[in-house]
Amino acid sequence: MTASLVSIAHTTSRIIDAQRAQFAADAAALNCVLIDSTSAQQTAQQIATQNHGELLELDSLRGWCAVVVKSHAVARRAVAVSSSGVDLPTLQR
């Protein structure tokens, strides 16, 4: 019984970590496409930290940005693109 409870708690913790990491990666990638590249790194780090994670990677080109965020042992990646400067950026899956 105790092993089952520990397993459920561990699984729940990993799910929450995955959701936090994905949310932070999504938000940072979208933000990166919207702002200039000089402040993208700092802003992405702030977003990751606010979501109990750490920024592992940020790659950006004009209109494209890929971000990897890790929360505890779970890392998630998000890629955002914008075809022109006036449209809303979208996440690629």
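Attention here is on the structure that accompanies the text. (Residues numbered from 1 in each chain as written. Predicted model: local features only at pLDDT ≥ 70, side-chain atom pairs only at ≥ 80, totals over all residues. Heavy atoms only, no water.)

**A closer look at the overall build of the protein**
Spelled out, the test is: To qualify as a helix, a DSSP run of H or I must reach at least 4 residues; to qualify as a strand, a run of E must reach at least 2; elements of each kind are numbered from the N terminus. Type-normalised accessible area, obtained with a 1.4 Å probe on protein chains alone, sets the label of each residue: buried when under 20%, exposed when over 50%, and partly exposed for intermediate values. Any pair of residues with heavy atoms lying within 4.5 Å of one another is described as a contacting pair.
Regarding its fold elements, the protein presents two helices and four strands. Starting at the N terminus, the α and β elements of the protein follow one another as α-α-β-β-β-β. For the protein, the spread of C-alpha atoms along the principal axes amounts to about 55 × 25 × 15 Å. Every one of the 93 residues in the protein was classed for burial, and the buried ones make up 35%. Contacts spanning at least 24 positions in sequence make up 42% of the contacts within the protein whose residues lie at least 6 apart.

**Brief notes about the state of the cysteines**
Rules: Two cysteine sulfur atoms make up a disulfide if the distance between them is within 2.5 Å.
Here the structure, examined in full by the defined rule, presents one disulfide. Cysteine 32 shares a disulfide with cysteine 65; S-S distance 2.3 Å. Between cysteine 32 and cysteine 65, the disulfide has an S-S torsion of 90 degrees and is therefore right-handed. In this pair, cysteine 32 is assigned in helix H1 (residues 2–34) and cysteine 65 in strand S2 (residues 64–71), connecting sequence segments 33 residues apart. Residue cysteine 65 is classed as buried on the basis of its relative accessible area of 0%.

**Let's talk about the side chain of aspartate 17**
To keep things clear, this is the line we draw: Residues scored as positive are Lys and Arg, those scored as negative are Asp and Glu, and His as well as the terminal groups of each chain are ignored. The term salt bridge refers to a side-chain nitrogen of Lys or Arg lying within 4 Å of a carboxyl oxygen of Asp or Glu.
Assignment of secondary structure puts aspartate 17 in helix H1. Notably, aspartate 17 is buried but unbridged: the nearest opposite-charge side chain belongs to arginine 20, and the N-O separation is 4.5 Å.

**Remarks on unusual backbone geometry**
Here the phi dihedral of histidine 52 falls at roughly 60 degrees; this positive angle occurs in a residue that is not glycine. Within the fold, histidine 52 resides in the loop between helix H2 (37–50) and strand S1 (54–61). Unlike most non-glycine residues, histidine 72 shows phi in positive territory, near 55 degrees. Mapped onto the fold, histidine 72 is located in the loop between S2 and strand S3 (74–81).

**Regarding a nonpolar patch on the surface**
Using the following cut-off: Residues form patches when they are more than 30% accessible in relative terms and have no salt bridge. Like charges link within 9 Å. Nonpolar side chains (Val, Leu, Ile, Met, Phe, Trp, Tyr) link within 5 Å. Per-residue and other accessible areas follow the Shrake-Rupley method at a 1.4 Å probe size, with only the shown protein chains counted as cover for residues.
Taken together, the side chains of Met1, Leu5 and Ile8 define a hydrophobic patch exposed on the protein surface, amounting to about 390 Å² of accessible area. For leucine 5, the location among the structural elements is in helix H1.

**Some details on the nonpolar core**
Soluble globular proteins: nonpolar side chains tend toward being buried together. Worth spelling out the cut-off: What we call a nonpolar core is a set of buried Ala, Val, Leu, Ile, Met, Phe, Trp, Tyr and Cys residues that are connected through their side-chain atoms within 4.5 Å.
Counting 17 residues, the largest nonpolar core has Leu55, Leu58, Cys65, Val67 and Val69 as the members making the most contacts within it. For this core, the secondary-structure elements that each account for two or more residues are H1, H2, S1, S2 and S3. Apart from the residues within four sequence positions on either side, valine 69 is in contact with Ala21, Ala24, Ala25, Ala48, Gly53, Glu54, Leu55, Val74, Ala75 and Arg76.

**Thoughts on the sheet that holds strand S4 (residues 90–92)**
So the rule is basically this: By definition, two strands form a pair when at least two bridges between them are found by DSSP. Axes here refer to lines fitted to C-alpha atoms; in helices the fit is confined to the stretch in contact. Angles between the N-to-C directions go from 0 to 180 degrees.
Pairing is antiparallel in the open sheet, where four strands are placed in the order S1-S2-S3-S4. Both outer strands of the open sheet, S1 and S4, are each paired with one neighbouring strand and no more. For this sheet the average axis-to-axis angle between neighbouring strands, irrespective of direction, equals 25 degrees. Strand contacts of H1: S1, S2, S3 and S4, with the helix running at about 25 degrees to S3, the strand carrying the most contacts.

Nothing here speaks to function; it is geometry throughout.
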